[in-house]
Amino acid sequence: MTATMADVAREAGVSASTVSRTFSLPETVRADTRERVLAVARRLDFSPNRTASSLARGRTGALGLLVPDIANPYFGEIVKSVQRRARTADRALFLAETGDAHDEAYDLAKTMARQTDGLLLAGPRMPEDMLRSLAAAGPVALIGLHVPQTDCAYAELPVGMRQAVRHLAALGHRRIVYVNGTRTARTAGFRRLMRAACDEFRVELVEHLGPFDLTYDNGRAAADLVPTSGATAVIAHNDMVAHGVAGGLARQGRSVPGDFSLITVDDTYLARAIHPALTAVHVPIDAMGAHGVDLLLARIADPQGPPRLVALPTALTVRESTGRAPAP
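The structure displayed is predicted, hence computed values, not measured ones.

S.K.: Sorry if this is basic, but what is going on with the sheet that holds strand 2 (residues 92-97) here?
M.R.: What links the strands of a sheet is backbone hydrogen bonding, and the strands pair in either a parallel or an antiparallel sense. Spatially, 6 strands are ordered 2-1-3-4-5-11 in an open sheet, and the strand pairing comes out parallel. A strand with exactly one partner marks an edge of an open sheet, and here the two such strands are strand 2 and strand 11 (309-313). Taking each pair of neighbouring strands and ignoring which way they run, the sheet shows an average axis angle of 15 degrees. Here 3 bridges tie strand 1 (residues 62-67) to strand 3 (residues 119-122), and the two strands are oriented parallel to one another. Considered in strand 3, the bridge of Gly64 is made with Leu119. Across the sheet, helix 13 (residues 285-301) touches strand 1, strand 3, strand 4 (140-143), strand 5 (151-156) and strand 11, and the angle it forms with strand 5 is around 160 degrees.

Right, here's the structure in full:
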């Protein structure tokens, strides 16, 4: 005969509701109790009817993930990480691309919220008031962005960005150009951090190369402007833009790092896939995605709890794209 939830509860010495929560909301059950219930369930070959139990509680058993650009490797790595973590928690994952239009992204998020138990917003480009409105309406966690009074898993960029500028200064670079991204909170944060680091290490910062949409082609276009900036080093907003900058400089017959040193931010596979491999401010993308799922599950289990933050460190990974500043 097929084992029932009551059989598992009796053998494990717990209530049927505890067995139910062990499978539906494991984060709400004490670890020792959870392991005892799971061991009994395995021994009795018990498998819960997840769909039925979810519907009975008014839940879907699914999480929603919204990203601005699926083609961007940064978001591709987040999708993979979130999917792995959601699968571990026995949750389905719905994925949607929002693009850059704020109103359309907001409407899409509201639609997906009605079809899932909670939303993960990765690198959202909506203004903070829209993000807070979504969080007030239901379980939401942000990945890659810190917005006060919301659940967030994000990278602490100050250390990594300071290391990038210090590295270039140590190589003799005295003028750095920043290839700017689209106007987002992350972009504004980058500029503040680089200004502070450049002031500290007495390096001049050219701030206004952009903004550019975060694509390879726009990185190539930005490369046409780099020689006129008077800089000997470039920091690009992300790997796609940096890849384009490297290609654009090569098209001009200029070398990296012989003529210009180049640093990127994020450190996806693209940073290692080109020649020369890119020195990068490493962002722990995989960990951010996993922590984002954990934050969302905790919010679903405890809708009234205080905001939860997970801040992850960044650090500079030095590769072949940076070298000594060329002689004047």
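S.K.: Whenever I open this one, empty space enclosed by the protein confuses me. Can you help?
M.R.: Using a probe with the size of a water molecule, rolled over the atoms, empty space left in the structure can be pinpointed. A complete count under the given rule lists 3 cavities of 30 Å³ or more for this structure. In this model, the second largest cavity occupies a volume close to 80 Å³. Contributing to the lining of the second largest cavity are 14 residues, with Pro68, Thr98, Pro124, Arg125 and Met126 lying nearest its centre. At the level of elements, strand 1, helix 6 (102-115) and strand 3 are the ones that each hand at least two residues to the lining of the second largest cavity.

S.K.: Just checking my understanding: could you explain the side chain of Thr314 for this structure?
M.R.: As for its placement among the helices and strands, Thr314 is situated in the loop between strand 11 and strand 12 (315-317). In this structure the side chain of Thr314 is engaged in a polar contact, spanning 3.2 Å, whose partner is the backbone nitrogen of Gly160. Setting aside chain neighbours within four positions, we find Thr314 in contact with Ala155, Glu156, Leu157, Val159, Gly160, Val281, His282, Val283 and Pro284.

S.K.: Help me out: how do you make sense of the side chain of Thr264 in this one?
M.R.: Mapped onto the elements, Thr264 comes out in strand 9 (residues 261-266). Reaching out from Thr264, the side chain makes a polar contact with the side chain of Asp239 at a distance of 2.6 Å.

S.K.: How should I be thinking about the nonpolar core in this particular structure?
M.R.: If you look at soluble globular proteins, the nonpolar side chains tend to sit buried side by side. Counting residues in each nonpolar core, the largest one holds 48 residues, and the members touching the most others are Ile78, Leu120, Ile176, Ile235, Val265 and Val281. Broken down by element, this core gets its largest block of residues, 7 residues, from helix 13. If we skip the residues at most four places from it in the chain, Ile235 touches Met161, Ala164, Val165, Leu168, Ile176, Val177, Tyr178, Val179, Met194, Ile263 and Val265. Counting 21 residues, the second largest nonpolar core, distinct from the first, contains Val177, Ala236, Val245 and Phe260.

S.K.: Explain the pattern of salt bridges to me, please; I cannot follow it from the model alone.
M.R.: Side chains carrying opposite charge are able to pair once their charged atoms draw close together. Taken as a whole, this structure holds 15 salt bridges when the rule is applied. A salt bridge links Glu204 to Arg175; its shortest N-O distance comes to 2.3 Å. With a gap of 29 residues between them, Glu204 in strand 7 (residues 204-209) and Arg175 in strand 6 (residues 175-179) connect regions that are remote in the sequence. In this structure Arg175 comes out as partly exposed when scored by relative accessible area, which is 24%. The network of salt bridges with common partners includes Asp267, Arg272 and Arg319.

S.K.: I keep staring at the layout of surface pockets and nothing clicks. Help me out?
M.R.: As a volume, the second largest pocket reaches approximately 290 Å³. What lines the second largest pocket is a set of 15 residues, among which Pro26, Glu27, Thr88, Ala89 and Asp90 lie closest to the centre. Among the elements of the structure, helix 2 (16-24), helix 3 (31-44), helix 5 (73-88) and helix 13 are those that each provide at least two residues to the lining of the second largest pocket. The dominant element in the lining of the second largest pocket, judged by the number of residues it contributes, is helix 13, at 4 residues.

Definitions and cut-offs
- Residues numbered from 1 in each chain as written.
- Predicted model: local features only at pLDDT ≥ 70, side-chain atom pairs only at ≥ 80, totals over all residues.
- Heavy atoms only, no water.
- Pairing = 2+ DSSP bridges.
- Helix = DSSP H or I, 4+ residues; strand = E, 2+ residues; numbered from the N terminus.
- Axes fitted to C-alpha atoms, helices over the stretch in contact; angles between N-to-C directions.
- Contact = heavy atoms within 4.5 Å.
- 1 Å grid on protein atoms, 1.4 Å probe; cavity = no way out; pocket = protein on both sides within 12 Å on 5 of 7 lines; lining within 4 Å.
- Points joined across faces, edges and corners; volume = space filled by probe spheres on them.
- Polar contact = N/O pair within 3.5 Å; in protein donor to acceptor, adjacent residues only side chain to side chain.
- Core = buried A, V, L, I, M, F, W, Y, C linked by side-chain atoms within 4.5 Å.
- Buried < 20%, exposed > 50% of the residue type's maximum accessible area, 1.4 Å probe, protein only.
- Salt bridge = Lys/Arg side-chain N within 4 Å of Asp/Glu carboxyl O.

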